[in-house]
Amino acid sequence: MERNIEKKDSNILIIGCGRLGASIANSLSNRNKNVTIIDINKDSFRKLSPSFGGLALEGDATNIDILKEAQIEKSSVVVSVTNNDNTNIMLVQMAKEMFSVDKVITRLYDPERESVIKEFEVDIIFPSILSANEVDKILSM
Ligand code: AMP
(Lines give C-alpha, C1' and ligand atoms only; values in the text may rest on other atoms or scores of the structure.)
Protein backbone atom coordinates (compact mmCIF):
# COMPACT_ATOMS: atom_id res chain seq x y z
CA MET A 1 0.00 0.00 0.00
CA GLU A 2 1.34 3.47 -0.88
CA ARG A 3 1.99 5.61 2.19
CA ASN A 4 1.98 9.33 2.58
CA ILE A 5 5.57 10.33 3.44
CA GLU A 6 4.34 13.37 5.33
CA LYS A 7 3.71 12.37 8.95
CA LYS A 8 0.03 12.89 9.74
CA ASP A 9 0.45 15.14 12.76
CA SER A 10 3.65 16.93 11.76
CA ASN A 11 3.54 20.66 11.32
CA ILE A 12 3.79 22.57 8.05
CA LEU A 13 5.19 26.07 8.47
CA ILE A 14 4.39 28.69 5.83
CA ILE A 15 6.23 32.01 5.86
CA GLY A 16 4.46 34.89 4.12
CA CYS A 17 0.68 35.12 4.03
CA GLY A 18 0.49 36.84 0.66
CA ARG A 19 -1.48 35.60 -2.31
CA LEU A 20 0.61 32.44 -2.65
CA GLY A 21 1.20 31.68 1.04
CA ALA A 22 -2.47 32.15 1.98
CA SER A 23 -3.63 29.98 -0.88
CA ILE A 24 -1.26 27.15 0.15
CA ALA A 25 -2.30 27.52 3.81
CA ASN A 26 -6.02 27.43 2.99
CA SER A 27 -5.62 24.39 0.80
CA LEU A 28 -3.52 22.43 3.34
CA SER A 29 -5.87 23.36 6.18
CA ASN A 30 -8.82 22.10 4.13
CA ARG A 31 -6.94 18.80 3.87
CA ASN A 32 -6.72 18.70 7.71
CA LYS A 33 -2.97 19.35 7.87
CA ASN A 34 -1.47 21.14 10.88
CA VAL A 35 -0.52 24.52 9.47
CA THR A 36 1.25 27.49 11.05
CA ILE A 37 1.64 30.68 9.02
CA ILE A 38 3.80 33.71 9.84
CA ASP A 39 3.48 37.18 8.38
CA ILE A 40 5.11 40.46 9.32
CA ASN A 41 1.86 42.29 8.62
CA LYS A 42 -1.25 41.11 10.47
CA ASP A 43 -3.56 42.52 7.77
CA SER A 44 -2.23 39.79 5.47
CA PHE A 45 -4.12 37.19 7.52
CA ARG A 46 -7.36 38.56 6.00
CA LYS A 47 -6.49 36.37 3.00
CA LEU A 48 -6.97 33.24 5.08
CA SER A 49 -10.35 31.63 4.58
CA PRO A 50 -12.87 31.68 7.48
CA SER A 51 -12.46 27.90 7.74
CA PHE A 52 -8.67 28.11 8.20
CA GLY A 53 -7.93 25.90 11.19
CA GLY A 54 -4.22 26.61 11.70
CA LEU A 55 -2.19 29.06 13.74
CA ALA A 56 -1.41 32.56 12.37
CA LEU A 57 1.55 34.36 13.97
CA GLU A 58 2.42 38.00 13.38
CA GLY A 59 6.13 38.76 13.23
CA ASP A 60 9.31 38.97 11.20
CA ALA A 61 10.20 35.40 10.30
CA THR A 62 13.92 36.21 10.16
CA ASN A 63 13.67 36.56 13.96
CA ILE A 64 14.64 33.22 15.52
CA ASP A 65 12.22 33.69 18.43
CA ILE A 66 9.28 33.87 16.00
CA LEU A 67 10.48 30.73 14.21
CA LYS A 68 10.74 28.93 17.56
CA GLU A 69 7.28 30.15 18.59
CA ALA A 70 6.01 28.70 15.31
CA GLN A 71 7.62 25.40 16.36
CA ILE A 72 9.92 25.20 13.38
CA GLU A 73 11.82 22.40 15.15
CA LYS A 74 8.72 20.22 14.91
CA SER A 75 7.98 21.12 11.30
CA SER A 76 8.57 18.54 8.60
CA VAL A 77 7.99 21.13 5.87
CA VAL A 78 8.79 24.85 5.61
CA VAL A 79 7.45 26.90 2.70
CA SER A 80 9.09 30.32 2.51
CA VAL A 81 7.10 32.59 0.21
CA THR A 82 7.74 36.15 1.32
CA ASN A 83 7.93 38.77 -1.43
CA ASN A 84 11.66 39.27 -0.90
CA ASP A 85 14.25 36.92 -2.43
CA ASN A 86 16.91 37.82 0.17
CA THR A 87 14.49 37.05 3.01
CA ASN A 88 13.53 33.73 1.43
CA ILE A 89 17.19 32.81 0.92
CA MET A 90 17.99 33.63 4.54
CA LEU A 91 15.00 31.58 5.74
CA VAL A 92 16.00 28.59 3.62
CA GLN A 93 19.47 28.70 5.20
CA MET A 94 18.02 29.00 8.73
CA ALA A 95 15.50 26.18 8.19
CA LYS A 96 18.16 23.84 6.80
CA GLU A 97 21.24 24.72 8.86
CA MET A 98 19.85 25.73 12.25
CA PHE A 99 16.69 23.64 12.41
CA SER A 100 17.44 20.68 10.07
CA VAL A 101 14.01 20.84 8.42
CA ASP A 102 13.54 17.91 6.01
CA LYS A 103 11.65 19.59 3.20
CA VAL A 104 12.08 23.25 2.35
CA ILE A 105 10.31 24.97 -0.53
CA THR A 106 10.74 28.57 -1.60
CA ARG A 107 9.88 31.05 -4.32
CA LEU A 108 12.55 33.21 -5.94
CA TYR A 109 11.66 36.01 -8.33
CA ASP A 110 15.22 36.20 -9.68
CA PRO A 111 16.31 32.84 -11.18
CA GLU A 112 19.95 33.96 -10.96
CA ARG A 113 19.75 33.77 -7.17
CA GLU A 114 19.42 29.97 -7.36
CA SER A 115 23.21 29.56 -7.10
CA VAL A 116 23.18 31.05 -3.58
CA ILE A 117 21.12 28.18 -2.16
CA LYS A 118 22.00 25.40 -4.62
CA GLU A 119 24.08 23.65 -1.94
CA PHE A 120 20.95 23.08 0.19
CA GLU A 121 18.39 20.48 -0.79
CA VAL A 122 15.58 22.90 -1.49
CA ASP A 123 12.73 22.98 -3.98
CA ILE A 124 12.60 26.36 -5.71
CA ILE A 125 9.69 27.83 -7.63
CA PHE A 126 10.53 30.51 -10.19
CA PRO A 127 7.33 32.35 -11.22
CA SER A 128 9.02 34.01 -14.21
CA ILE A 129 10.15 30.66 -15.66
CA LEU A 130 6.76 29.03 -15.00
CA SER A 131 4.98 31.95 -16.70
CA ALA A 132 7.36 31.93 -19.68
CA ASN A 133 6.78 28.19 -20.13
CA GLU A 134 3.01 28.72 -20.06
CA VAL A 135 3.23 31.50 -22.66
CA ASP A 136 5.38 29.22 -24.85
CA LYS A 137 2.78 26.45 -24.47
CA ILE A 138 -0.09 28.76 -25.41
CA LEU A 139 1.81 30.11 -28.43
CA SER A 140 2.65 26.63 -29.68
CA MET A 141 -0.99 25.45 -29.62
P1 AMP B 1 2.90 38.25 -1.82
O2 AMP B 1 3.81 39.23 -2.47
O3 AMP B 1 1.44 38.52 -2.08
O4 AMP B 1 3.26 36.82 -2.11
O5 AMP B 1 3.08 38.45 -0.23
C6 AMP B 1 4.26 38.20 0.48
C7 AMP B 1 3.99 38.27 1.97
O8 AMP B 1 5.23 38.10 2.69
C9 AMP B 1 3.39 39.62 2.46
O10 AMP B 1 2.16 39.37 3.13
C11 AMP B 1 4.45 40.17 3.41
O12 AMP B 1 3.91 40.88 4.51
C13 AMP B 1 5.17 38.90 3.86
N14 AMP B 1 6.53 39.10 4.38
C15 AMP B 1 7.51 39.84 3.82
N16 AMP B 1 8.63 39.80 4.58
C17 AMP B 1 8.35 39.02 5.67
C18 AMP B 1 9.09 38.60 6.82
N19 AMP B 1 10.36 38.98 7.02
N20 AMP B 1 8.48 37.80 7.73
C21 AMP B 1 7.19 37.41 7.54
N22 AMP B 1 6.44 37.78 6.47
C23 AMP B 1 7.00 38.57 5.54
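Numbers given to residues run from 1 along each chain, matching the order in which its sequence is written. Per-residue local features are limited, in this predicted model, to residues with pLDDT of at least 70; the limit for side-chain atom pairs, both in listing and counting, is 80 or more; totals at the level of whole chains, interfaces and linings are taken over all residues. As a convention, hydrogens and water are excluded, and side-chain values are obtained from all of the structure's heavy atoms.

(A) Broad picture of the layout of surface pockets. Cavity and pocket criteria rest on a 1 Å grid covering protein atoms alone: a 1.4 Å probe that fits but cannot get out defines a cavity, protein on both sides within 12 Å along at least 5 of 7 lines defines an open pocket, and an atom within 4 Å of a point defines a lining residue. Grid points are joined across faces, edges and corners, and a volume is the space filled by probe spheres set on the points. Its boundaries defined by the atoms lining it, the largest pocket holds a volume of some 380 Å³. Taken together, 24 residues line the largest pocket, and the ones lying closest to its centre are Gly16, Asp39, Val81, Thr82 and Asn83. Only DSSP runs of H or I with at least four residues qualify as helices, and only runs of E with at least two residues qualify as strands; both kinds are numbered from the N terminus onward. A total of 3 residues in the lining of the largest pocket trace back to one element, the largest contributor, which is helix H1 (residues 19–30). For the lining of the largest pocket, a count of residues per class yields 9 nonpolar, 10 polar and 5 charged. Only Asp, Glu, Lys and Arg are considered charged, only Ala, Val, Leu, Ile, Met, Phe, Trp, Tyr, Cys and Pro nonpolar, and every remaining residue, Gly among them, polar.

(B) Representation of the site of the ligand within the structure. Summary of the distance rule: residues count as near a molecule or strand when at least one heavy atom falls within 4 Å of that molecule or strand. Among the 16 residues in the neighbourhood of the ligand, the closest are listed as Arg19, Asp39, Asp60, Ala61 and Arg107. Measuring from a nitrogen atom of the ligand, one finds a backbone N or O atom of Ile40 at 3.2 Å. Residues adjacent in sequence count toward polar contacts only when both atoms are side-chain atoms; beyond that, a polar contact is any pair of N or O atoms within 3.5 Å, and within protein one must be able to donate a hydrogen and the other to accept it. Contact between the ligand and Asp60: a nitrogen atom at 2.9 Å from a side-chain N or O atom of the residue. Surface accessibility in these figures is a Shrake-Rupley result with a 1.4 Å probe; residues are shielded only by whichever protein chains are displayed. With the chains in place, 88% of the 510 Å² that the ligand exposes on its own is no longer accessible. Cavity and pocket membership follows a simple rule, namely that a molecule belongs there if more than half of its atoms are within 2 Å of the grid points. Taken atom by atom, the bulk of the ligand overlaps the largest pocket. For the shell around the ligand, the class distribution of residues is 4 nonpolar, 8 polar and 4 charged.

(C) Region of the structure containing the pairing of strand S2 (residues 34–39). The classification of residues rests on relative accessible area computed with a 1.4 Å probe and restricted to protein chains. Under 20% of the type maximum is buried, over 50% is exposed, and intermediate values are partly exposed. Across the 6 residues that make up S2, a large majority, 5, are buried. Crossover handedness is defined here as right-handed if the route from the first strand over the helix to the second strand goes clockwise, with the strands pointing away from the viewer. With H1 bridging strand S1 (residues 11–15) and the parallel S2, this β-α-β connection has right-handed handedness. Of the strand pairs in this sheet, S2 and strand S3 (residues 55–58) are connected by 4 bridges, and their pairing is parallel. Paired with Ile37 across the bridge in S3 is Ala56. DSSP bridges decide pairing: two strands pair if at least two such bridges lie between them.

(D) Highlighting the side chain of Thr106. As for its position among the elements, Thr106 is in strand S5 (residues 103–107). Owing to a relative accessible area of 0%, Thr106 belongs among the buried residues under this scheme. Looking at Thr106, its side chain comes within polar contact range of the main-chain oxygen of Ser80, at 2.8 Å. Once residues within four sequence positions are removed from consideration, Thr106 is found in contact with Ser80, Asn88, Val92, Ile117, Val122, Asp123, Ile124 and Ile125. Working rule for contacts: check all heavy atoms of both residues, and any pair within 4.5 Å makes them a contact.

(E) Examining the nonpolar core more closely. Core analysis: the largest hydrophobic core is formed by 23 residues, its most contacted members being Leu13, Ile15, Ile38, Leu67 and Ile72. With 5 residues, the top contributor of residues to this core is helix H3 (residues 85–98). Aside from chain neighbours lying at most four places away, what touches Ile15 is Ile38, Ala61, Leu67, Val78, Val79, Ser80, Val81, Thr82 and Leu91. Nine residue types can take part in a nonpolar core, namely buried Ala, Val, Leu, Ile, Met, Phe, Trp, Tyr and Cys, and a core is a set of them joined through side-chain atoms within 4.5 Å. Grouped together as the second largest cluster of nonpolar side chains are 14 residues, Ala25, Val35, Phe45 and Phe52 included.

(F) How the structure looks around the environment of Val122. Note that Val122 resides in the loop between helix H4 (114–117) and strand S6 (123–125). In the structure, Val122 is positioned 17 residues away from Ile105 in sequence and 5.7 Å away in space, judged by C-alpha atoms. Setting aside residues up to four positions removed in sequence, Val122 forms contacts with Val92, Val104, Thr106 and Ile117.

Geometric descriptors of this kind do not, in isolation, establish any biological role.
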